[in-house]
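# Residue-level structural notes
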Amino acid sequence: MKKKIFITGGCGYIGGILIRKLLADGFKVACFDLLIYGDSSVKSLSNNKDFELIKGDIRDKKKLQEAIKGSDAIVHLAAIVGDKPCDAALNASYDINFNGTKILAEIAEKQKIGKFIFASTCSNYGISNPNEFAKETSSLNPVSLYAESKIDCEEFLRNFSSEKLKVVSLRFGTAYGMSYRTRFDLTVNSFAYEAFKTNKISVFAHDTWRPYIHVQDICNIIIEFLKMEKLKENSYTFNAGYTDENYTKKQVVEKLIKILPDLKVEYISLSNDKRNYKVDFTKIENFLKNKRTKDVNYGFREILNALKAKNINDKDFYNNNLEALVKFFKVNQKKLERKFTYEK
């Protein structure tokens, strides 16, 4: 019998690829999504008998309890993602990110789901020593509500995990690459987009470090954990990425210049974004023996080729274009607050 994977937030940047990979690997998939940004990333799957799309809010206990029935594992992607979207609706964003996670985990335990994979972020490290690589045991220094909510989720899940509910928290690096809902508010994708449109990019805080990971490799890591028959520990936390994909912004730009030699670059030292972190991924590299399949050079060429071929409707794919998000909360938030009861 096919195993059923329950994915929250599956209509987003990661989910569109992950769902298709899982279906190709012989899994059944239920996608539970609030559809703030629509369902275009999964529309083509509507006739697949192994796929189900359920519109819902992860804070809606009744709907979630029904939707999750019969699942073998959960991949929790749903969140208000990024600094600007979280700042646009502070209370609602934290409520979705933290209380939604708490509700989901509690229902998963009651229904004996067994495995819970949580998408966290390397942004948890915030401002760290650029001369050292951040490990899972390093200090966390969040500089945004988004990262704070992820850290709170990790802590709750770690304490809540048990033999009945094994938890894997994956702190992913900065994603890049093409998807079925490609985001252009991410560094590599944003640089490629601006370079293509204007042949000029402005680079803030060019000497700050980040780890990068292609969205395909994010999905490959998640699937590796889903396919594991047994997890010895009740809770795991991994930096999720590849150590050789740590770069300063300037190093990333230099890769783009090799592809577009005539590109004009303006370096601006000041920036509101103070994040600066290099990350050690040795733990997950040893645990999974998982190999990177894409690199930043590939990501740049992939995005540029898609733009050239007009394969991207780029107006729809900005998470930091807050219009859809703000509109959603203006229309729905009072109703949501009346409808759901949260345990603080």
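Everything below is about the structure shown above.
Residues numbered from 1 in each chain as written. Predicted model: local features only at pLDDT ≥ 70, side-chain atom pairs only at ≥ 80, totals over all residues. Heavy atoms only, no water.

Over its 13 residues, helix α10 (residues 296-308) runs 18 Å from end to end, which matches the ideal 18 Å to within 8%, given 1.5 Å per residue. Taken together, the buried positions of α10 are V296, G299, F300, E302, I303, L304, A306 and L307. The inward-facing, buried residues of α10 contact β8 (174-176), α6 (187-198), β10 (209-214), β12 (246-248) and α8 (249-259). N-cap assignment for α10: the residue whose side-chain oxygen lies 3.3 Å from the backbone N of N297 is D295. Where α10 terminates, the next one or two residues include K310, which has phi positive at roughly 60 degrees. (Helix = DSSP H or I, 4+ residues; strand = E, 2+ residues; numbered from the N terminus. Expected span 1.5 Å × (residues − 1). Buried < 20%, exposed > 50% of the residue type's maximum accessible area, 1.4 Å probe, protein only. Contact = heavy atoms within 4.5 Å. Polar contact = N/O pair within 3.5 Å; in protein donor to acceptor, adjacent residues only side chain to side chain.)

Time to look at the packing of aromatic side chains. Taken as a whole and judged by the stated rule, the model has 11 aromatic pairs. Measuring from ring centre to ring centre gives 5.9 Å for Y236 and F238, while their planes differ by 10 degrees; the resulting arrangement is stacked. Here Y236 and F238 have matching classes, each one buried. What links up through ring pairs into an aromatic cluster is the set Y94, F98, F156 and F160. For K278, the ring lying beneath its charged end belongs to F133, and the centroid distance is 4.7 Å. Lying over the aromatic face of W209, K278 brings its terminal NZ or CZ to 4.6 Å of the ring centre. (Phe/Tyr/Trp six-rings, centres within 6.5 Å; stacked < 30°, edge-to-face > 60°. Lys NZ or Arg CZ within 6 Å of the ring centre and 35° of its normal.)

Angle between the axes and distance between the axes: these two values describe a pair of packed helices. For the pair α6 and α8, interaxial distance at closest approach is 11 Å and the crossing angle is 45 degrees. The angle between the axes of α6 and α8 places the two elements in the oblique class. The way α6 lies across α8 gives a crossing that is right-handed. Residues V188, F191, A192 and A195 of α6 touch α8, and the partners they reach there are K249, V252, V253 and L256. Counted by class, the contact of α6 with α8 contains seven nonpolar, no polar and one charged residues. (Axes fitted to C-alpha atoms, helices over the stretch in contact; angles between N-to-C directions. Parallel < 35°, antiparallel > 145°, perpendicular 65-115°, else oblique. Left-handed = near helix turned anticlockwise from the far one by under 90°. Nonpolar A, V, L, I, M, F, W, Y, C, P; charged D, E, K, R; others polar.)

Attention shifts here to the sheet that holds strand β7 (residues 165-172). Taken together, seven strands build an open sheet; the order of strands is β3-β2-β1-β4-β5-β7-β11 and the sheet is parallel. In the strand order of this sheet, the two ends are held by β3 (51-55) and β11 (235-240), each with one partner. Across this sheet, the average inter-strand angle for adjacent strands is 15 degrees, counted without regard to direction. Pairing geometry for strand β1 (residues 4-8) and strand β4 (residues 73-76), over four bridges, is parallel. Looking at the pairing, F6 lines up with I74 of β4. (Pairing = 2+ DSSP bridges.)

Moving on to the environment of I107. On the secondary structure map, I107 appears in helix α4 (residues 90-110). Taking relative accessible area as the criterion, I107 reaches 4% and is therefore assigned buried. Note: C-alpha distance between I107 and I68 (39 residues apart in sequence) is 8.3 Å. Apart from the residues within four sequence positions on either side, I107 is in contact with K61, L64, Q65 and I68.

The phi dihedral of N199 falls on the positive side, at around 60 degrees, and the residue is not glycine. In this fold, N199 is placed in the loop between α6 and β9 (200-204). Unusually for a residue other than glycine, K289 sits at a positive phi of about 55 degrees. Within the fold, K289 resides in the loop between α9 (282-288) and α10.

Here we come to the pattern of salt bridges. By the definition in use, this model includes 13 salt bridges. Sharing partners across several salt bridges, the network here consists of K2, K49 and D50. (Salt bridge = Lys/Arg side-chain N within 4 Å of Asp/Glu carboxyl O.)

Strand order in the open sheet formed by three strands is β8-β10-β12, and the pairing between neighbours is mixed. The sheet terminates laterally at β8 and β12, the two strands that pair on one side only. Averaged over all neighbouring strand pairs, the angle between strand axes comes to 45 degrees, with direction disregarded. Two elements, β10 and β12, share three bridges in a ladder whose sense is antiparallel. Note on β12: the bridge partner recorded for P211 is N246. Contacts from helix α7 (residues 215-227) reach β8 and β10 within the one sheet, and its direction differs from that of β10 by about 75 degrees.

Within the largest apolar cluster, 49 residues are counted, with the highest numbers of intra-cluster contacts made by L170, I221, I222 and F225. With eight residues, the single largest contributor to this core is α7. Apart from residues lying up to four places away in sequence, F225 is in contact with K115, I117, V168, L170, F238, I284, F287 and L288. In terms of nonpolar packing, the next biggest core, distinct from the first, is built from 25 residues, I58, I74, I113 and F118 among them. (Core = buried A, V, L, I, M, F, W, Y, C linked by side-chain atoms within 4.5 Å.)

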